[in-house]
Amino acid sequence: EENSRCNYPYYIEFDDSGNLYFADVTGHMVLRIDAQTGIVSNILGNENSGEGMPSEKGPDFELSTPEFLEIQGNNLYVSDSGNDKIFRMNLMDSTVVTYVGTGVQGGSSDGNQATLTDIYDPKGLAISTDGVLYFVENGTYKIRKVLLNGTIETVSGNGSPGTSNGTLATASFD
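These numbers come from a predicted model, not from an experiment.

> For the sheet that holds strand E5 (residues 66–72), give the residues involved together with the corresponding values.
As summarised here, the arrangement of the 4 strands in space is E5-E6-E7-E8, forming an open sheet in which the pairing is antiparallel. Both edges of this open sheet fall to E5 and strand E8 (96–100), since each of them pairs with a single strand only. Between one strand axis and the next, the sheet turns through 30° on average, direction left out of account.

> Now, about the packing of aromatic side chains: what can you tell me, with residues and values included?
The geometry of two aromatic rings is summed up by the distance between their centres and the angle between their planes. Under the definition given, this model contains 4 aromatic pairs. Taking 5.3 Å as the distance between ring centres and 55° as the angle between the ring planes, the aromatic pair formed by Tyr-11 and Phe-68 counts as tilted. Pair noted here: Tyr-11 is in strand E1 (residues 9–14) and Phe-68 is in strand E5, with a separation of 57 residues, a long-range link. You can call Phe-68 buried: its relative accessible area is 15%. Between Tyr-77 and Tyr-99, the aromatic rings sit 5.2 Å apart at their centres with planes inclined by 75°, giving edge-to-face as the arrangement. Taken together, the residues span a long stretch of sequence, with Tyr-77 in strand E6 (residues 75–80) and Tyr-99 in strand E8 at a distance of 22 residues. Like Tyr-77, the residue Tyr-99 is buried in the burial classification.

> Tell me what's going on with the pattern of salt bridges, and back it up with residues and numbers.
Opposite charge on two side chains permits pairing when their charged atoms draw close. Enumeration according to the criterion identifies 5 salt bridges in this entry. A salt bridge links Lys-85 to Glu-51; its shortest N-O distance comes to 2.3 Å. Residue Lys-85 is found in strand E7 (residues 85–90), and its partner Glu-51 is found in the loop between strand E4 (40–45) and E5; the two are separated by 34 residues along the sequence. Using a relative accessible area of 7% as the deciding quantity, one classes Lys-85 as buried. The salt bridge involving Arg-144 is made with Glu-137; its shortest N-O contact spans 2.9 Å. Looking at Arg-144, the relative accessible area reads 0%, which means it is buried. Judged by its relative accessible area of 0%, Glu-137 is buried. Each of Glu-67, Asp-121 and Lys-123 takes part in salt bridges that share partners, so that together they form one network.

> So what's going on with unusual backbone geometry? Residues and values would help.
For Thr-65, which is not glycine, the phi torsion reads 70° and is therefore positive. Among the structural elements, Thr-65 can be located in the loop between E4 and E5. Under the relative-accessibility criterion, Thr-65 is labelled partly exposed at 22%. For Tyr-141, which is not glycine, the phi dihedral falls at a positive 60°. Residue classification places Tyr-141 among the partly exposed residues on the basis of a relative accessible area of 27%.

> An account of the environment of Tyr-77 is requested, with residue identities and associated values reported.
By relative accessible area, Tyr-77 is classed as buried at 5%. Sequence spacing of Tyr-77 and Arg-144 is 67 residues, and the spatial spacing of their C-alpha atoms is 15 Å. Excluding its chain neighbours within four sequence positions, the residues that come into contact with Tyr-77 are Phe-68, Leu-69, Glu-70, Gln-72, Phe-87, Arg-88, Tyr-99, Leu-125, Ile-127 and Leu-133.

Definitions and limits used
Residue numbers here run from 1 along each chain, matching the order of that chain's written sequence. Per-residue local features of the predicted model are confined to residues with pLDDT of at least 70, and side-chain atom pairs are confined, for both listing and counting, to 80 or more; whole-chain, interface and lining totals are unaffected and use all residues. No hydrogens and no water enter the side-chain calculation; it runs on all heavy atoms of the structure. Here a strand pair is declared whenever DSSP counts at least two bridges between the two strands. Each helix is a run of H or I in the DSSP string that is no shorter than four residues. Each strand is a run of E no shorter than two, and both are numbered from the N terminus. Orientation is described by lines fitted to C-alpha atoms, with helices fitted over the stretch in contact, and by angles between N-to-C directions that extend from 0 to 180 degrees. Aromatic contacts are taken between Phe, Tyr and Trp rings whose centres are within 6.5 Å, Trp giving its six-membered ring; a plane angle under 30 degrees counts as stacked, one over 60 as edge-to-face, and the others as tilted. Three exposure classes are used, based on accessible area relative to the maximum for each residue type with a 1.4 Å probe and protein chains only: buried under 20%, partly exposed in between, and exposed over 50%. In the sections that follow, a salt bridge refers to a side-chain nitrogen of Lys or Arg positioned within 4 Å of a carboxyl oxygen of Asp or Glu. Contacts are residue-level and defined by heavy atoms, with any inter-residue pair within 4.5 Å sufficient.

What follows is the structure, encoded as structure tokens:
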């Protein structure tokens, strides 16, 4: 919709066409500024905090505290800390799927399917050149990744708060 209202703009990301996307944390949505027209439109979520259903698309799909975004090709990844999930939206048809998390707050062990793994407060997102999604799991003080086969692994962090250097397994983050 044109002239979308925004409550708390947070993280920004660009696609290959120069369109700018940003998360509205307290407005529970993701908006896009069209590079050609300058029109701001809501593309994901709405002002209702909730958890979208698999049949819902784009603005009908409810989010709860979306914060960080990452775009790869036609896919938009959104860390939704209020739902303890990471969603992936296809930018061509607006379909949304859960990419990581069950919606239950926790920190499951490595080697599980990402969609069957409890995560806690997902934050920053990055996708490597080989397509692996990395994210900060703020609630467990870890950096994790989702492999191409869909399994989740811890990259670094011992699960305890702190600021100590060390190996990938022994370093701690606050």
